[in-house]
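Next come the chains, spelled out residue by residue.
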Amino acid sequence: MLELTPHIDDHSSEPKYLQLYSYIAKQIWNGTLTAGTRLPSIRTLAAHLHLSRNTVEAAYQQLIAEGYVENRSRIGLFVMPIEGGVKQAESGEKGAERELERELAQPLTASLDDEKDVFDTDAGIEIDFRHGNVDRERFPLIVWRKLANDLFRHRRDEALQYGHRQGEAGLRRAIARYLYQSRGVHCTPEQIVMGAGIQQLLMLICQLIRKDTHSIAMEEPGYDGARAIFYHNGYEIVPIPLEAEGISVQHLREQSAGAVYVTPSHQFPQGMVMSIAKRMQLLQWANERESIIIEDDYDGEFKYGAKPVPSLQGLDGHGRVVYVGTFSKSLLPSIRLSYMVLPPWLLARYRLEFAAYEQTASKLHQMTMERFMTEGHWDKHLRKMRKLYQEKHSTLLTALSEEMGDRVRVIGQHSGLHIKLQVKHEYSEQQLIDAARTVGVKVYPTSIYRIKQEEDEQPSLLIGFGGLSLIQIRKGVERLRQAWFG
């Protein structure tokens, strides 16, 4: 079996999974790893490099996402041909075929074991506390289908044409009204740009602000999906520690970053809501430095007992905030509809320099969503989901209290669709995750969201509840107690 021996710098500001990803990608690009080569399983490589499985899995998933490797069903993870690579032409298709033949000649049971370790990570899992899941059963599919079908009956020609490059005008008007009423965002429809997901919009923002800064500050810990986008667009990432009410503005002032990415409504993954005082301090920093704040309001619709706080964009009087939001948490992740609100000066740059960019979000989904909002279905659905998630949230907290008491500490419980659970146990984070798997429950690490690990910190896990029923939540917590405390 192939062995990989990268140098992983524990003291680097670059996350370990990105170091591993970069090493493997370079080996593929320069031809050291030729097309058809099978990579080690997560378990094997993690043991070999003394890394956590989560780190290796994150690196592998990034390689898959960028087309360097592929999953061949029931075999494993294989290097893809890279056009233009130094040695790909030398190895040729015959070499790749011979490599594949050798791999296929190995015992099937070994291949299946590796395949299971790398990809079938949910085998045996009955209750999945994934933080990004939503309650799919409550999505108003009949209403959505009717609205979509009406488009083909009455607006077919329009629906099948290219759309506006910034997104459909009717939907942008509806979003502008909704954002003002619900989040205090002040904008015109013309300032809104639609996109197929938050990450796609973050890539656009990276291109938009490249003239203004080469470094972006981030909350530490923070959203790894955003960090990966900034890293791959060539930005220096500056980690800023968190305080009780959000990002440390004092530490931010000590850095030279020209932009900062924050999740103020429900900090990811810690879960705190940024106070109004902290928001004003952050806006003052941006105004004084003429810097940019990227405000990601990824699940700001769901709050539990906390007093609503206006968005940073709504408090901004100097055009320093780019507001980003999504419908993924309130509708379905598969409906790839997200949006950003650009300040006037960035909007002018966008229209001047990105006029040739086509819209990436589905026009059909945009037109359907416009009617969904303007005909009152959106408000009705949101009220229903807020009530439902409030009940699930309460059920989770009650179950944790009854089953585990003071052996766990809940962090960030005032909003969103997940909590952070600090477990008072001698087990490490990975051992807690492994123990949960033995009882059919999947929980998630928080260490992957840190650039710099804190060795003395008690292990913490991310517990999502949006996609589970009340019965599954109670049963899952009971099983976790059995796995961790007997």
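Residues numbered from 1 in each chain as written. Predicted model: local features only at pLDDT ≥ 70, side-chain atom pairs only at ≥ 80, totals over all residues. Heavy atoms only, no water.

Engineer: How would you sum up the pairing of strand E6 (residues 236–243)? Please name residues and give values.
Structural biologist: In this structure, strand E5 (residues 215–220) lies alongside E6, joined through six bridges in parallel fashion. Its bridge partner being in E6, glutamate 220 is matched across the sheet by proline 241. This β-α-β element, E5 to helix H10 (residues 224–232) to E6, shows right-handed connectivity. Bridge count for E6 against strand E7 (residues 246–247) is two bridges, and the pairing is antiparallel. (Pairing = 2+ DSSP bridges. Helix = DSSP H or I, 4+ residues; strand = E, 2+ residues; numbered from the N terminus. Right-handed = clockwise from strand over helix to strand, strands pointing away.)

Engineer: Run through the packing of aromatic side chains, naming residues and quoting values.
Structural biologist: Evaluation of the coordinates by the stated rule reveals 11 aromatic pairs. Ring geometry for phenylalanine 230 versus tyrosine 261: centroids 5.7 Å apart, planes at 70°, classification edge-to-face. Placement of phenylalanine 230 in helix H10 and of tyrosine 261 in strand E8 (residues 259–262) is noted, with a sequence separation of 31 residues between them. Using a relative accessible area of 1% as the deciding quantity, one classes tyrosine 261 as buried. These aromatic residues form a ring-pair network of at least three members: Tyr178, Phe327, Tyr339 and Trp378. (Phe/Tyr/Trp six-rings, centres within 6.5 Å; stacked < 30°, edge-to-face > 60°. Buried < 20%, exposed > 50% of the residue type's maximum accessible area, 1.4 Å probe, protein only.)

Engineer: Give a detailed account of the pattern of salt bridges, specifying residues and quantitative values.
Structural biologist: Taken as a whole, this structure holds 14 salt bridges when the rule is applied. With a closest N to O distance of 3.3 Å, lysine 146 and aspartate 150 form a salt bridge. With lysine 146 and aspartate 150 both in helix H6 (residues 141–154), this residue pair falls four residues apart, about one helical turn. A relative accessible area of 48% places lysine 146 in the partly exposed class. Since its relative accessible area comes to 9%, aspartate 150 is described here as buried. Close ionic contact of arginine 153 with aspartate 150 constitutes a salt bridge, the shortest N to O distance being 2.2 Å. One end of the pair, arginine 153, and the other, aspartate 150, are both in helix H6, three residues apart, so they sit about a helical turn from each other. Among the charged side chains, a network of salt bridges with common partners joins Lys146, Asp150, Arg153, Arg371 and Glu375. (Salt bridge = Lys/Arg side-chain N within 4 Å of Asp/Glu carboxyl O.)

Engineer: Which residues make up helix H18 (residues 470–485), and what are the values?
Structural biologist: Taking 1.5 Å per residue as the helical rise, H18 with its 16 residues ought to reach 22 Å, and the 22 Å between its terminal C-alpha atoms agrees with that figure. Buried within H18 we find Ile473, Gly476, Val477, Arg479, Leu480, Ala483 and Trp484. Buried residues of H18, viewed axially, fall in a sector of 165°; they line one side. Contacts from the buried residues of H18 go to strand E3 (127–128), helix H16 (377–404), strand E13 (418–423), helix H17 (429–437), strand E14 (441–442) and strand E16 (460–464). Looking one or two residues beyond H18, the residue adopting positive phi is glycine 486, at roughly 80°. (Expected span 1.5 Å × (residues − 1). Arc of directions from axis to C-beta. Contact = heavy atoms within 4.5 Å.)

Engineer: Residue-level account of unusual backbone geometry, with values.
Structural biologist: A cis amide bond, omega 5°, links glutamate 220 with the succeeding residue proline 221. At histidine 50, a position not held by glycine, the phi torsion is positive, near 60°. With respect to the element layout, histidine 50 can be found in the loop between helix H2 (42–49) and helix H3 (53–65).

Engineer: An account of the side chain of glutamate 219 is requested, with residue identities and associated values reported.
Structural biologist: Relative to the elements of secondary structure, glutamate 219 occurs in strand E5. No salt bridge is formed by the buried glutamate 219, whose closest oppositely charged neighbour, arginine 279, lies at an N-O distance of 9.2 Å. At 3.3 Å, the side chain of glutamate 219 forms a polar contact with the side chain of glutamine 267. (Lys, Arg positive; Asp, Glu negative; His and termini not counted. Polar contact = N/O pair within 3.5 Å; in protein donor to acceptor, adjacent residues only side chain to side chain.)

Engineer: Tell me about the sheet that holds E16, and name the residues and values.
Structural biologist: Across the sheet, four strands lie side by side as E12-E13-E16-E15; this open sheet has antiparallel pairing. Edge positions in the sheet fall to strand E12 (408–411) and strand E15 (444–445), since each of these pairs with one other strand and no more. Relative to E13, E12 runs antiparallel, the two sharing four bridges. Among the inter-strand pairings, valine 410 is bridged to a residue of E13, identified as leucine 421. Lying on the sheet, H16 is in contact with E12, E13 and E16; it crosses E12 at an angle near 165°. (Axes fitted to C-alpha atoms, helices over the stretch in contact; angles between N-to-C directions.)

Engineer: Mind laying out the packing of H2 against H3, listing which residues take part and the relevant values?
Structural biologist: Between H2 and H3, the shortest axis-to-axis distance is 9 Å and the interhelical angle comes to 120°. Here H2 lies oblique to H3, going by the angle between them. Where H2 crosses over H3, the two elements pack in a sense that is right-handed. Facing H2, whose interface residues are Ile42, Leu45 and Ala46, H3 presents Arg53, Val56, Glu57 and Tyr60. Along the lines of polarity and charge, the residues of the contact of H2 with H3 split into five nonpolar, no polar and two charged. (Parallel < 35°, antiparallel > 145°, perpendicular 65-115°, else oblique. Left-handed = near helix turned anticlockwise from the far one by under 90°. Nonpolar A, V, L, I, M, F, W, Y, C, P; charged D, E, K, R; others polar.)

Engineer: Account for the nonpolar core, with residues named and values stated.
Structural biologist: Core analysis: the biggest nonpolar cluster contains 59 residues, and Phe129, Met369, Val443 and Trp484 have the highest contact counts within it. In terms of residue count, the dominant contributor to this core is H16 (nine residues). Other than its neighbours up to four places away in sequence, tryptophan 484 contacts Met404, Leu421, Val423, His425, Leu432, Ala435, Ala436, Val443 and Leu461. Membership of the second largest hydrophobic core comes to 29 residues, among which are Leu201, Ile209, Ile237 and Ile451. (Core = buried A, V, L, I, M, F, W, Y, C linked by side-chain atoms within 4.5 Å.)

Engineer: Tell me what's going on with a positive patch on the surface, and back it up with residues and numbers.
Structural biologist: On the surface, Arg138, Lys380, Arg383 and Lys384 cluster together into a patch of positive charge. When you line up the elements, arginine 383 lands in helix H16. (Patch = residues over 30% accessible without salt bridge, like charges linked within 9 Å, V, L, I, M, F, W, Y side chains within 5 Å. Areas by Shrake-Rupley, 256 points an atom, 1.4 Å probe, with all protein chains shown as cover. Charge placed at Lys NZ, Arg CZ, Asp CG, Glu CD.)

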